[in-house]
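What follows is each chain in one-letter form.
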Amino acid sequence: MLERSDRPIEEVIRFLAKDGIEAGFLVPTSTGLGKSIMDAHQHLRAYLKVTGAHDYDLQQQGQTAKVTRRAWLLGPDSSRESIASLYRPESKSGDPRIWFTGLPGYAVPGNLLAIFAHEGELYVANTSMPGVLESGTSPDSPLGHLLSRIAANANEPAAELLCKLKEISALGFVPSLRQGPTGVGMTLETMLGIAANSSKAPDYRGIEIKASRTKQGPTRQNRITLFSKVPDWKLSAVKDATSLLRRYGYEREGRTQLYCSMGDKPNTLGLFLDVREEDLHALHSQPAKHSEVLQWSLEGLRNTLAEKHQQTFWVKAVCRKNGSGEELFHYTEAMRTRAPLVSNLDSLLALGKVEVDLLLHLMERGQGKAPKARDHGYLFKINPRDIGMLFPPSVIYGLS
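Residues numbered from 1 in each chain as written. Predicted model: local features only at pLDDT ≥ 70, side-chain atom pairs only at ≥ 80, totals over all residues. Heavy atoms only, no water.

**Description of the sheet that holds strand 7 (residues 121-126)**
Ordered by their spatial adjacency, seven strands build an open sheet running 1-6-7-3-4-5-2, and the pairing between neighbours is mixed. Each of the sheet's edge strands pairs with one partner strand only, and the pair in question is strand 1 (24-26) and strand 2 (38-39). Across eight bridges, strand 3 (residues 67-74) lies against strand 4 (residues 79-87) in antiparallel orientation. Following the sheet pairing, Trp72 is matched in strand 4 by Glu81. Sitting on the sheet, helix 3 (residues 42-50) is in contact with strand 1, strand 4, strand 5 (97-100), strand 6 (113-118) and strand 7, with an inclination near 145° to strand 1. (Pairing = 2+ DSSP bridges. Helix = DSSP H or I, 4+ residues; strand = E, 2+ residues; numbered from the N terminus. Contact = heavy atoms within 4.5 Å. Axes fitted to C-alpha atoms, helices over the stretch in contact; angles between N-to-C directions.)

So, in structure tokens, the structure goes:
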């Protein structure tokens, strides 16, 4: 629905990103305005959950479980009080809904509405209305005053996290709590008191944390993971992970596996990436091996990137091994980035600056059961030297 807005969402994200501010977005339809109902889509639900404003996952269906919030409709020079209703109806599987009183007189179909949560209230800025978004640069305007308060609050978790990272760095080299590539991130998160979970939400009070290894001296730095995104199996030529392994996997140490990086040129297995209009394709260089392999929606990738990295700390760790072969980490540097320039993602994929790593193997399941794929994610990675093309100017902190 957001792609139907009459103002590019990237433009608004950039405007807010310079102050480290994020928002949820809505685009009303004529039907929605007429019936006083709007879908609370995934992007908005994620924003409300991260900010602590509302969690639809915990909400029951029906009018008795409806939640209301005081809300404001912001104009260039003044604001109007409203009421936000957040609910899940009894019908239609309880699809999350949201509504603001007075909205039909404030917006028309196709307008891009930025939703802000602050101190228990919701604010709506119609960025398609002349002068509203631009007023955000004036601290005397309703939007400018709101953004100033949000920015001040946003810096508090970042300052708290930086303090904790410096305390961890002061410990020097610490032993890895897990073997393998994920040890550097899992160890840091454990020391920060972050419990292991499968949630896609940011790690620490709305801040995503990404840890990576770096080596002392002029050596090539490891790529960093931006996010993981499963292919769209319905659109892909290969319909599931097990079929992918059977078709393109290789045998090693007694098992079928597929561990490789895909960029803009064929790798040793013949697999590579190609951007075509609104989709990212994984292809094989030999037509006889079924040239079409996997497919992702570029819009979906952009949305995942935007949701995952509104504010991120990229932490570098010097690594070494002790006499027993145990890996040790010393967390020495953190780079803080704000909302990504999502429109650049397509070009970086086409140029091979962002790659996709496949991490799969075929897992035996016992007598009488067919083997099943075990995957560790479809990881979108970028070299640290290229990260400036995807994120606005960053701030680098020495932790030692």
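**Brief notes about the environment of Val354**
Mapped onto the elements of the fold, Val354 is located in strand 18 (residues 354-363). On the accessibility criterion, Val354 (0% relative accessible area) is buried. Considered as a pair, Val354 and Leu226 are 128 residues apart in the sequence and their alpha carbons are 9.0 Å apart. Ignoring sequence-local partners within four residues, the contact set of Val354 consists of Leu226, Leu273, Leu345, Leu348, Leu349, Phe380, Lys381 and Ile382. (Buried < 20%, exposed > 50% of the residue type's maximum accessible area, 1.4 Å probe, protein only.)

**So, helix 3**
Along helix 3, the positions that sit buried rather than exposed are His43, Leu44, Ala46, Tyr47 and Leu48. Summarising the contacts, the buried residues of helix 3 are in contact with strand 1, strand 4, strand 5, strand 6, strand 7 and helix 7 (298-308). Just beyond helix 3, the residue with positive phi is Gly52, at close to 80°.

**Overview of the pattern of salt bridges**
Inspection of every chain in the model, using the stated rule, returns 19 salt bridges. Note that Asp264 and Lys265 form a salt bridge whose closest N and O atoms lie 3.3 Å from each other. Each of Arg223, Glu355, Asp357 and Lys381 takes part in one network of salt bridges that share partners. (Salt bridge = Lys/Arg side-chain N within 4 Å of Asp/Glu carboxyl O.)

**Points about the packing of aromatic side chains**
Inspection of the entire model under this criterion finds six aromatic pairs. Here Trp233 and Tyr378 contribute two aromatic rings whose centre-to-centre distance is 6.1 Å and whose plane-to-plane angle is 75°, an arrangement assigned as edge-to-face. Pair noted here: Trp233 is in the loop between strand 10 (224-228) and helix 6 (241-248) and Tyr378 is in strand 19 (residues 372-382), with a separation of 145 residues, a long-range link. On the basis of relative accessible area, Tyr378 is assigned to the buried category, the value being 1%. Joined through ring pairs, the aromatic side chains of Phe227, Trp296 and Phe380 make up one cluster. The ring of Phe173 carries Arg320 above its face, with NZ or CZ at 3.8 Å from the centroid. (Phe/Tyr/Trp six-rings, centres within 6.5 Å; stacked < 30°, edge-to-face > 60°. Lys NZ or Arg CZ within 6 Å of the ring centre and 35° of its normal.)

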